[in-house]
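# What the coordinates show
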Amino acid sequence: MSVGEASGGGRTPHPVCAAAELPPGRRRIVTIEGKSIGVFNVGGRYFALRNRCPHRGAPLCEGQVVDLVTAPAPYAWENERFGEIIRCPWHSWEFDLTTGRSVCHPDSIRTKSYPAGVAAPTEHDRAEAYEAAERGGVVVVWV
Amino acid sequence: MGARVRAIDTDAHHQLRGIADLKPYLSRHDWQRLEEFGMPRNSNLYQASGGFRGARADCFGAGDDVDPRSRIALFQEKLLDGCGVDFAILQGEYTPAVLALADLDFSAALCRATNDWTLAEWVGRDPRFRLALTVPIQDPVLAVREIERLGDHPAVVAVYAVCGSPRLYGQRHYDPVFAACVKHGLALALHFSNEGIGMNPAPTAGGHPSYYAEQYLVRPQFYQAHLSSFLFEGTFEKFPQLRVAFLESGFGWVPAFRWRADATWRSLRAQTPWVKRPPSEYMREHIRFATQPFEDPEPAGALTAVLDGMDAEQTLMFSSDFPHWDFDPPDAIVRRLPESLRQRVLVETALETYPKLPR
Ligand code: FES
């Protein structure tokens, strides 16, 4: 398999499966370098997350894949970014599949100063994400 | 204001001397009805309260049968002059009973009459009084009508709501009332009463306790229920200028509630996605807690943790509850507070909460 081209950060490419085995809307959980990693096909784009929730260690990638639900105003639900969010199976924290960022405390909020009494977002708020792509008919994850 | 304001009391309770006080402010029809049936009384599930008949026993100098709440001279002597209170916001003692009436038009008539009477006979006789308007909040249409009628009066600084209500206040039923509050620069003043009365649910979430002490103790649960409603219905997304004063809610529970609210939001955010920020942030911006009844956390140091955990510098303001039995005087309260908080609690936070107070 020709998966050799390097990606960001000097990480090593690992073949996961044939692209046909991971159609849109599906996921595979694999072990790479001793780490459990979930690989997702979201509408033809591939994303990979460590299968470990930064909150209390749940197998994050076994959670429901859902839309981002927003509201321009109270009582006006809107679904966007279909299938790009994963909800942890244990306490329902939502993470952006494409970045690993928490929906509740994305970086834009993280940089704010938090006064006493409000828990400052921490490393807790990001699931470890890896680059994933299709190369020559094979799904590859860089770990 | 020339002289510096020393203290603002966000919660004092005045009362009519008798029904005749209202005669000039009622239609002939409503007066005849009041004369025949009397004022609705605050329903008391226990025939008990604290102090003497719910008030400070040392305030009955005019005789046991003269309600100290009805004596303006007593307020002047013991609260305004005696405690160095420069402004006292009145929440009428009669209000809960008026708001418990199922007959909405008679309720509205009594609201109008008591407001007019207070403005003439209390504010008109001592400019240090301010009024939290009594409005028939059970019916938002009538409530808005009263806010439109008197909301721009310079002494009207808030709209008074009681914790016992058929619906939680965040529900959209009440949105017109909040819109009117914002339009006229009025805070919403939420105070316990009417729990378990009339059409309202039981006086605790678990049912009817046997004793007044129990009901007194668990009052924070009503504020928590309304607060949770405000937060998750998006009241403060709809009304970014609305400020809500929690009077007699206690405040030791606030830090723990904030942790729990933020954790709840974090897990369940998608169900109410208009809640855009952690609930604790809305609380810090919109909810103000009055000091009375001032809790005495133990061990030493616990009070500091509570004050930090509720952002007291921004959220805590003084109240005395005069002349009720569990009254707190301002000097004793500020002695419990760090120097840096004293002016905030006595004056500044109230000025921010009630924009119509003179500064
Ligand atoms: S372990 Fe994932 S949300 Fe708690």
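Note that this is a predicted model, so its numbers are computed, not measured. (Residues numbered from 1 in each chain as written. Chains lettered and ligands numbered in written order. Predicted model: local features only at pLDDT ≥ 70, side-chain atom pairs only at ≥ 80, totals over all residues. Heavy atoms only, no water.)

## A word on the state of the cysteines
Residue and element names in this part refer to chain B. For the structure shown, the criterion picks out zero disulfides over all chains. The thiol of Cys-59 is not disulfide-bonded; the next cysteine sulfur, from Cys-83, is found 9.9 Å away. Its relative accessible area of 1% is what places Cys-59 among the buried residues. (Disulfide = S-S within 2.5 Å. Buried < 20%, exposed > 50% of the residue type's maximum accessible area, 1.4 Å probe, protein only.)

## Quick word on the pattern of salt bridges
All names here are of chain A. For the coordinates displayed, the defined rule picks out 28 salt bridges over all chains. Arg-45 serves as the salt-bridge partner of Glu-84, at 2.5 Å between the closest nitrogen and oxygen. In this pair, Glu-84 is assigned in strand β6 (residues 78-87) and Arg-45 in strand β4 (residues 45-50), connecting sequence segments 39 residues apart. According to the relative accessible area criterion, Glu-84 is buried, its value standing at 12%. (Salt bridge = Lys/Arg side-chain N within 4 Å of Asp/Glu carboxyl O. Helix = DSSP H or I, 4+ residues; strand = E, 2+ residues; numbered from the N terminus.)

## Observations regarding the environment of Ala127(A)
Residue and element names in this part refer to chain A. Mapped onto the elements of the fold, Ala-127 is located in the loop between α1 (107-110) and β8 (129-135). Along the chain, Ala-127 and Pro-24 lie 103 residues apart, while their C-alpha atoms are 22 Å from each other. Ala-127 has contacts with Leu-49, Pro-54, Leu-60, Phe-95, Thr-99 and Gly-100, leaving out every residue within four places of it along the chain. (Contact = heavy atoms within 4.5 Å.)

## Side note on the interface of chain B and chain A
Taken together, the contact pairs 25 residues of chain B with 25 residues of chain A. A buried area of about 2,000 Å², summed over both sides, lies between chain B and chain A, and 54% of it is on carbon and sulfur atoms. Contact with chain A buries area across many residues of chain B, yet Arg266(B), Arg269(B) and Trp274(B) alone supply 36% of it, more than any other trio. Linking chain B with chain A are one salt bridge, by the criterion used here. One salt bridge in this structure joins Glu94(A) and Arg269(B), with 2.7 Å as the shortest N-O distance. Secondary-structure elements contributing two or more residues to the side of chain B that touches chain A are α9 (235-238), α10 (254-268), α11 (279-286) and α12 (302-309) of chain B. Sorting elements by how many residues they give to the side of chain B that touches chain A places α10(B) first, with six residues. Residue composition of the side of chain B that touches chain A, grouped by class: six nonpolar, six polar and 13 charged. (Buried area = accessible area lost by both parts, 1.4 Å probe. Nonpolar A, V, L, I, M, F, W, Y, C, P; charged D, E, K, R; others polar.)

## Things to note about the side chain of His324(B)
Residue and element names in this part refer to chain B. Tracing the backbone shows His-324 in the loop between β8 (316-317) and α14 (330-335). Under the relative-accessibility criterion, His-324 is labelled buried at 11%. With residues up to four places along the chain from it excluded, the contact list for His-324 reads His-13, Gly-54, Ala-55, Arg-56, Arg-69, Glu-93 and Glu-248.

## As for the packing of helix α1 (residues 28-37) of chain B against helix α4 (residues 104-123) of chain B
Residue and element names in this part refer to chain B. Between α1 and α4, whose axes approach to 11 Å, the crossing angle comes to 95°. With respect to α4, the axis of α1 lies roughly perpendicular. Across the interface between the two elements, Asp-30, Arg-33 and Leu-34 from α1 touch Phe-106, Ala-109 and Leu-110 from α4. (Axes fitted to C-alpha atoms, helices over the stretch in contact; angles between N-to-C directions. Parallel < 35°, antiparallel > 145°, perpendicular 65-115°, else oblique.)

## Re the confidence of the model for chain B
Per-residue pLDDT for chain B averages 96, and the proportion of residues at 70 or more is 99%. Predicted as a complex, the structure gets a pTM of 0.93 and an ipTM equal to 0.86. (pLDDT = per-residue confidence, 0-100.)

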